Amino acid sequence: MIFFNSLLSAFAYSCPLILCSLGALFSEFAGCLALFLDGLVSFSAFLFYTFTVTTGSPLAGAILTCLGAVIITLVFSAVVELGKANRFIAAIAMNLLFGALTSCFSWAFFGTRGVLAADLFMFSVGTARAAAVCCGAGFVAMAVIFLRYSRHGLYVRIAGSDADVLKAKGVNPGSIKNLSWCLSALYGSLAGILLAIRLSSFVPNISSGRGWMALAAVFLGKKKPLRIVAAVLIFCFADLLAANIQNYIPGIPSSFLISLPYLVSLILILAK
């Protein structure tokens, strides 16, 4: 029972990065890697805080956040596709834009660019873990089913490598790229929501680089959803170990502990 609870806790801790990594996977398959994910995660956490405090309902806040993130991303993706712009550069610009929007809106609505907290935005540890586990398990399953068994999942998987096949079938590759970015936005927004629930507040740069780590996890997991989940779990286990090992083995240099998760990732990449 203790082992099962520890496993659930580890999975709950990993869920934001898992969801973010799956979001990156959709875009990688479509040949337009979502380099905006890091900024989107923080922006979504801010939107979730804002909508939850405004409506008084975390569920309404989560729905509005996901809709907002997907709609904004779809608009930008459609403009990029219509203008035949470079998606790599556009995604980097979007990442910067999301960071700027977070800062501007935080100052405009709350008069501060710092930490945001409120009595209406308080979640227990049990609630945060349950939300992460249910959301993580559900959306991991949805990603696997979508990519393996749905027609549009097949289109996403071949949009980046065999766009001519889609054209021959009368499918516009550009619309599939738009779809992949929307899916990335959905999964990235969920990651931001879970991080905000975990902290019961919004903290600037709450993503802490998870958007960039997600991109690495895609290649570490060889673009296989379940392998990506396993890679993220190993990385997060190393992160948890680094955060708690000094309680049992004092005297370990802090610089080594900070670098431990990244050393583990490097070893896994080299082992491939």
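Throughout what follows, the structure given in this document is the object of discussion. Here the residue numbers are simple positions, counted from 1 along each chain's written sequence. Given that this is a predicted model, residues contribute local features only at a pLDDT of at least 70 and side-chain atom pairs are listed and counted only at 80 or more, while totals for whole chains, interfaces and linings are drawn from all residues. Computation of side-chain values covers all heavy atoms of the structure but excludes hydrogens and water.

## Digging into the overall build of the protein
Turning to step 1, where the next piece is worked out: For helices the rule is a DSSP run of H or I covering at least 4 residues; for strands it is a run of E covering at least 2, with both sets numbered from the N terminus onward. Scanning the protein from N- to C-terminus turns up 11 helices and 0 strands.
Turning to step 2, where the next piece is worked out: Taken from the N to the C terminus, the helices and strands of the protein come in the order α-α-α-α-α-α-α-α-α-α-α.
Turning to step 3, where the next piece is worked out: In the protein, which comprises 272 residues, the proportion classed as buried is 46%.
Turning to step 4, where the next piece is worked out: The contact criterion used throughout is that any non-hydrogen atoms of two residues lie within 4.5 Å. Within the protein, residue pairs in contact and separated by at least 24 positions form 77% of the contacts whose partners lie at least 6 positions apart.
Turning to step 5, where the next piece is worked out: When the accessible surface of the protein is split by element, carbon and sulfur atoms take 71% of a total near 13300 Å². Think of it in three bands: with a 1.4 Å probe and only protein chains considered, a residue is buried below 20% of the maximum accessible area for its type, exposed above 50%, and partly exposed in between. Each accessible area is a Shrake-Rupley result for a 1.4 Å probe, and residues are judged covered by the shown protein chains and nothing else.

## Description of the packing of aromatic side chains
Turning to step 1, where the next piece is worked out: Any two rings among Phe, Tyr and Trp, with Trp reduced to its six-membered ring, count as a pair given centres within 6.5 Å; such a pair is stacked if its planes are under 30 degrees apart, edge-to-face if over 60, and tilted if neither. Scanning the model with the defined rule gives 15 aromatic pairs in all.
Turning to step 2, where the next piece is worked out: In textbook terms, an aromatic cluster arises when at least three aromatic residues are bridged by ring pairs, as seen for Phe 46, Phe 48, Tyr 49, Phe 110, Phe 121, Phe 123 and Phe 202.

## A word on a nonpolar patch on the surface
Turning to step 1, where the next piece is worked out: Every patch collects residues that have over 30% relative accessible area and no salt bridge, joining them within 9 Å if they carry like charges and within 5 Å if they are nonpolar side chains (Val, Leu, Ile, Met, Phe, Trp, Tyr). Any carboxyl oxygen of Asp or Glu that lies within 4 Å of a side-chain nitrogen of Lys or Arg is treated as forming a salt bridge with it. Nonpolar side chains collect at one region of the surface, where Leu 59, Ile 63, Leu 64, Leu 67, Ile 71, Val 75 and Val 79 lie side by side and expose about 650 Å² of accessible area between them.
Turning to step 2, where the next piece is worked out: As for its placement among the helices and strands, Val 79 is situated in helix H3 (residues 58–82).

## A word on the environment of Gly 174
Turning to step 1, where the next piece is worked out: Looking at the secondary structure, you find Gly 174 in helix H8 (residues 173–199).
Turning to step 2, where the next piece is worked out: Taking relative accessible area as the criterion, Gly 174 reaches 4% and is therefore assigned buried.
Turning to step 3, where the next piece is worked out: As for Gly 174 and Ala 30, which are separated by 144 residues in sequence, their C-alpha atoms are 9.4 Å apart.
Turning to step 4, where the next piece is worked out: Sequence-distant contacts of Gly 174, defined by excluding residues within four places in its chain, comprise Glu 81 and Arg 87.

## Re the packing of helix H5 (residues 125–149) against helix H6 (residues 151–159)
Turning to step 1, where the next piece is worked out: Note on method: axes are straight lines fitted to C-alpha atoms, helices fitted across the in-contact stretch only, with angles between N-to-C directions ranging 0 to 180 degrees. Close contact between H5 and H6 brings their axes to 5 Å; oriented N to C, the two are set at 80°. By the angle class used here, H5 and H6 are roughly perpendicular. On H6, the residues touching Phe 146, Leu 147, Arg 148 and Tyr 149 of H5 are Arg 151, His 152, Gly 153, Leu 154, Val 156 and Arg 157.
Turning to step 2, where the next piece is worked out: Residues are sorted three ways: Asp, Glu, Lys and Arg are charged, Ala, Val, Leu, Ile, Met, Phe, Trp, Tyr, Cys and Pro are nonpolar, and all the rest, Gly among them, are polar. Among the residues forming the contact of H5 with H6, the class breakdown is 5 nonpolar, 2 polar and 3 charged. Angle categories: roughly parallel below 35 degrees, roughly antiparallel above 145, roughly perpendicular from 65 to 115, and oblique for all the rest.

## What about the packing of H6 against H8?
When two helices pack together, you describe them by how their axes are tilted relative to each other and by the distance separating the axes.
Turning to step 1, where the next piece is worked out: Taken N-terminus to C-terminus, the directions of H6 and H8 make an angle of 100°; their axes are 9 Å apart at the nearest point. What the angle tells us is that H6 and H8 run roughly perpendicular. Seen from H6, the contacting residues are His 152, Tyr 155, Val 156 and Ala 159; seen from H8, they are Ile 176, Lys 177 and Leu 179.
Turning to step 2, where the next piece is worked out: For the contact of H6 with H8, the per-class residue count stands at 5 nonpolar, 1 polar and 1 charged.

## A look at the nonpolar core
Here is a general trend for soluble globular proteins: nonpolar side chains tend to be buried in one another's company.
Turning to step 1, where the next piece is worked out: Counting residues in each nonpolar core, the largest one holds 72 residues, and the members touching the most others are Phe 36 and Phe 48.
Turning to step 2, where the next piece is worked out: Setting aside chain neighbours within four positions, we find Phe 48 in contact with Pro 58, Gly 61, Ala 62, Thr 65, Phe 121, Phe 123, Ile 193, Ala 196 and Ile 197. The set of buried Ala, Val, Leu, Ile, Met, Phe, Trp, Tyr and Cys residues whose side-chain atoms join them within 4.5 Å is what this entry labels a nonpolar core.

## Notes on helix H2 (residues 37–55)
Turning to step 1, where the next piece is worked out: A helix is expected to span 1.5 Å for every residue after the first. Taking 1.5 Å per residue, 19 residues should reach 27 Å; H2 reaches 26 Å between its end C-alpha atoms and fits that length.
Turning to step 2, where the next piece is worked out: Counting buried positions over the 19 residues of H2 gives 15, a clear majority of the element.
Turning to step 3, where the next piece is worked out: A positive backbone phi angle near 80° is found at Gly 56, which sits one or two residues after H2.

## Focus: the pattern of salt bridges
Turning to step 1, where the next piece is worked out: Per the stated rule, a full pass over the model turns up 2 salt bridges.
Turning to step 2, where the next piece is worked out: Between Glu 28 and Lys 223 there is a salt bridge, with its nearest N and O atoms 3.0 Å apart. Here Glu 28, found in helix H1 (residues 2–29), pairs with Lys 223, found in the loop between helix H9 (210–220) and helix H10 (225–244); they are 195 residues apart in sequence, far enough to count as distant.
Turning to step 3, where the next piece is worked out: Here Glu 81 and Arg 87 are joined by a salt bridge, their closest N and O atoms 3.1 Å apart.

## Re a positive patch on the surface
Turning to step 1, where the next piece is worked out: The charge count includes Lys and Arg as positive and Asp and Glu as negative, but it does not include His or the ends of the chains. Every charge is mapped to an atom, namely NZ of Lys, CZ of Arg, CG of Asp or CD of Glu. On the surface, Arg 148, Arg 157, Lys 222, Lys 224 and Arg 227 cluster together to form a positively charged patch.
Turning to step 2, where the next piece is worked out: Locating Arg 227 in the fold gives a position in helix H10.
Turning to step 3, where the next piece is worked out: By relative accessible area, Arg 227 is classed as partly exposed at 46%.

## Let's talk about H6
For an α-helix, the turn length of 3.6 residues means that residues three or four places apart are oriented alike.
Turning to step 1, where the next piece is worked out: For H6, every residue scored as buried is listed here: Gly 153, Tyr 155, Val 156, Ile 158 and Ala 159.
Turning to step 2, where the next piece is worked out: For this analysis, a polar contact is any N or O atom pair within 3.5 Å, provided that within protein one partner can donate a hydrogen and the other can accept it, and provided that sequence-adjacent residues contribute only side-chain to side-chain pairs. Measuring from the side-chain oxygen of the N-cap residue of H6 to the backbone nitrogen of Gly 153 gives 2.9 Å; that N-cap residue is Ser 150.

## Structural notes on unusual backbone geometry
Turning to step 1, where the next piece is worked out: Here Lys 84, not a glycine, exhibits a phi torsion of approximately 55°, which is positive.
Turning to step 2, where the next piece is worked out: Positionally, Lys 84 belongs in the loop between H3 and helix H4 (87–110).
Turning to step 3, where the next piece is worked out: For Lys 84, a relative accessible area of 69% corresponds to the exposed category.
Turning to step 4, where the next piece is worked out: In this structure, Ser 208 is a non-glycine residue whose phi angle is positive, near 50°.
Turning to step 5, where the next piece is worked out: Looking at where Ser 208 falls in the secondary structure, it is placed in the loop between H8 and H9.
Turning to step 6, where the next piece is worked out: Assessed through its relative accessible area of 47%, Ser 208 is described here as partly exposed.

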